[in-house]
Amino acid sequence: MPVVGVLALQGDVREHCAALEKIGVEVREVRVPAALEGVDGLIFPGGESTAIAHLLNTSGLREGLASSIGDGLPVFGTCAGLILLSSKILDGRDDQWSFSALDVTVRRNGYGRQIASFETVVDINDLGEFPGVFIRAPKIESIGQTVSVLATHDHGDGEHPVLVRQANLWGCSFHPELTIDTRLHEAFVASL
Ligand code: GLN
């Protein structure tokens, strides 16, 4: 049974843990570098990317995580977690950093502010219709050649990727952990 970590510094930690427990994997909340030991895959939750980035520095997790990701640790970044994995952030804070691991350019709050949050049905390759909950979601503006698009959404300005995968790294603009549908968590775990 794989051990799946949830980066537990800020954000939708409890919801991701609940989804993983529901599908029967061993869940580990990761707050300190030692907790990464033996983890087969990791989820970066939604929340506030600047706050998580700050806590990654103060917890000492940033360096170890950067090297684990470089060594191929599978990571699924949802919403703010996608921003943290991305190679380029538009409309971020001036000092905002990311792991530059997943070759996508994201625009922070690209679907609008909190008040513009919305739910829609997202059509995911191989999975079909999935509830997409978008809350101050990052918009994927462009992707590198090694990135596969697993789902797109047209918010009135053309289709933009909302779920992508590049080898071991997954990212989505929406919040699968805020629905009762665990199929995306299952797909990530099945890939470990
Ligand atoms: N806009 C948030 C950020 O920049 C992300 C929102 C979310 O995770 N729901 O971190």
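Residues numbered from 1 in each chain as written. Predicted model: local features only at pLDDT ≥ 70, side-chain atom pairs only at ≥ 80, totals over all residues. Heavy atoms only, no water.

1. Description of helix H5 (residues 183-190)
Spacing of three or four residues puts side chains on the same side of an α-helix, whose turn is 3.6 residues.
Thought 1: For H5, the complete set of buried residues consists of Leu184, His185, Phe188 and Val189. All buried residues of H5 project into a common sector of 135° when viewed along the axis, lining one side. (Buried < 20%, exposed > 50% of the residue type's maximum accessible area, 1.4 Å probe, protein only. Helix = DSSP H or I, 4+ residues; strand = E, 2+ residues; numbered from the N terminus. Arc of directions from axis to C-beta.)

2. As for the nonpolar core
Thought 1: Among the nonpolar cores identified, the biggest contains 33 residues, and Phe44, Leu56 and Leu65 are the most heavily contacted of them.
Thought 2: Per-element tally for this core: the top contributor is helix H4 (residues 80-85), with five residues.
Thought 3: Apart from residues no more than four positions distant in its own chain, Phe44 is found in contact with Leu7, Leu65, Ile69, Val75, Phe76, Gly77, Thr78, Gly81, Leu84, Leu85 and Phe99.
Thought 4: Grouped together as the second largest cluster of nonpolar side chains are 27 residues, Cys17, Tyr111, Ala151 and Trp170 included. (Core = buried A, V, L, I, M, F, W, Y, C linked by side-chain atoms within 4.5 Å. Contact = heavy atoms within 4.5 Å.)

3. Points about the site of the ligand
Thought 1: Every residue lining the ligand is accounted for by Gly46, Gly47, Glu48, Ser49, Cys79, Ala80, Ile83, Arg108, Asn109, Ile135, Arg136 and His175.
Thought 2: The backbone of Ile135 places a nitrogen or oxygen atom 2.9 Å from a nitrogen atom of the ligand.
Thought 3: With the chains in place, 98% of the 300 Å² that the ligand exposes on its own is no longer accessible.
Thought 4: Of all the cavities here, the one that holds the ligand is the largest cavity. (Near = heavy atom within 4 Å. Polar contact = N/O pair within 3.5 Å; in protein donor to acceptor, adjacent residues only side chain to side chain. Areas by Shrake-Rupley, 256 points an atom, 1.4 Å probe, with all protein chains shown as cover. 1 Å grid on protein atoms, 1.4 Å probe; cavity = no way out; pocket = protein on both sides within 12 Å on 5 of 7 lines; lining within 4 Å. Sits in = over half its atoms within 2 Å of the grid points.)

4. Some details on the sheet that holds strand S6 (residues 102-107)
Thought 1: An order of S5-S6-S9 is seen for the three strands of this open sheet, with the pairing classed as mixed. Either end of the sheet is taken by a strand with one partner, and the two such strands are strand S5 (86-90) and strand S9 (139-143). Looking at each pair of strands side by side, their axes are set apart by 30° on average, direction ignored.
Thought 2: Summarising the sheet, S5 and S6 pair through four bridges and their orientation is parallel. For Leu90, the partnering residue across the bridge sits in S6 and is Arg107. (Pairing = 2+ DSSP bridges. Axes fitted to C-alpha atoms, helices over the stretch in contact; angles between N-to-C directions.)

5. Concerning the pattern of salt bridges
Thought 1: According to the stated counting rule, one finds nine salt bridges in the structure shown.
Thought 2: Residue Asp91 is joined to Arg107 by a salt bridge in which the shortest nitrogen-to-oxygen separation is 3.1 Å. Of the two residues, Asp91 sits in the loop between S5 and S6 while Arg107 sits in strand S6, which places them 16 residues apart along the sequence.
Thought 3: By relative accessible area, Asp91 is classed as exposed at 52%.
Thought 4: Residue Arg107 is classed as partly exposed on the basis of its relative accessible area, which comes to 27%.
Thought 5: For Asp157, the salt bridge identified is with Lys139, shortest N-O distance 2.6 Å. Highlighted residues: Asp157 in the loop between strand S10 (148-154) and strand S11 (159-166) and Lys139 in strand S9, separated in sequence by 18 residues.
Thought 6: Note on Lys139: relative accessible area 7%, which makes it buried. (Salt bridge = Lys/Arg side-chain N within 4 Å of Asp/Glu carboxyl O.)

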